[in-house]
Amino acid sequence: QVQPVESGGGLVQAGGSLRLSCEASSNIFRINTMAWYRQPPGKRRGVVASISSYGGTYYADFVKGRFTISRDNAKNTVYLQMNNLKPEDTAVYYCNILTTSRDYYWGQGTQVTVSS
């Protein structure tokens, strides 16, 4: 019921774009950092990008310049605009919501597949 819900994943050709959305429940208050993680096949989950309550952003080196994270606090939603996608971007993408009380919530994950 309070699990964030991702949308926007799918199959795309290399060089294409996708926009992921993750909406947190309105019952989640005092959201601090919102982030995107991904887990490629056979690998561990790792952070892709994050955005703080102050608007500060972080990007992993392998997506910097291609991906943009943003948030809409009124909608409890975080976005990930992904441009110039590469086959190595293929992964399950998860959003993570961190509150000021240090509670965290994971989305169920959405599959992104980039073909050659």
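The structure this text deals with has already been given above.
Residues numbered from 1 in each chain as written. Predicted model: local features only at pLDDT ≥ 70, side-chain atom pairs only at ≥ 80, totals over all residues. Heavy atoms only, no water.

### Details of the sheet that holds strand 3 (residues 18-23)
Okay, step 1: Spatial ordering of the open sheet is given by 1-3-8-7, a layout of 4 strands whose pairing is antiparallel. Sheet topology places strand 1 (5-7) and strand 7 (67-72) at the edges, where each strand pairs with a single neighbour. Recorded for the sheet is a direction-independent mean angle of 15 degrees between the axes of neighbouring strands.
Okay, step 2: With 6 bridges joining them, strand 7 and strand 8 (residues 77-82) adopt antiparallel strand pairing. Residue pairing in the sheet places Thr68 in a bridge with Gln81 of strand 8. (Pairing = 2+ DSSP bridges. Helix = DSSP H or I, 4+ residues; strand = E, 2+ residues; numbered from the N terminus. Axes fitted to C-alpha atoms, helices over the stretch in contact; angles between N-to-C directions.)

### Let's talk about the side chain of Thr77
Okay, step 1: Inspection of the secondary structure puts Thr77 in strand 8.
Okay, step 2: For Thr77, the side chain forms a polar contact with the main-chain oxygen of Lys75, separated by 2.9 Å.
Okay, step 3: What Thr77 contacts, discounting residues up to four positions off in sequence, is Cys22, Glu23, Met34, Ser70, Arg71 and Asp72. (Polar contact = N/O pair within 3.5 Å; in protein donor to acceptor, adjacent residues only side chain to side chain. Contact = heavy atoms within 4.5 Å.)

### A short note on the pattern of salt bridges
Okay, step 1: Applying the stated criterion to the full structure yields 2 salt bridges.
Okay, step 2: A salt bridge links Arg38 to Asp89; the nearest nitrogen and oxygen atoms lie 2.9 Å apart. Placement of Arg38 in strand 4 (residues 31-39) and of Asp89 in the loop between strand 8 and strand 9 (91-99) is noted, with a sequence separation of 51 residues between them. Comparing Arg38 with Asp89 shows no difference in burial state: the two are buried.
Okay, step 3: The salt bridge partner of Arg66 is Asp89, with a shortest N-O separation of 2.7 Å. Of this pair, Arg66 sits in the loop between strand 6 (57-59) and strand 7 while Asp89 sits in the loop between strand 8 and strand 9; the two residues are 23 residues apart in sequence, bridging distant segments of the chain.
Okay, step 4: Its relative accessible area of 1% is what places Asp89 among the buried residues.
Okay, step 5: Among the charged side chains, a network of salt bridges with common partners joins Arg38, Arg66 and Asp89. (Salt bridge = Lys/Arg side-chain N within 4 Å of Asp/Glu carboxyl O. Buried < 20%, exposed > 50% of the residue type's maximum accessible area, 1.4 Å probe, protein only.)

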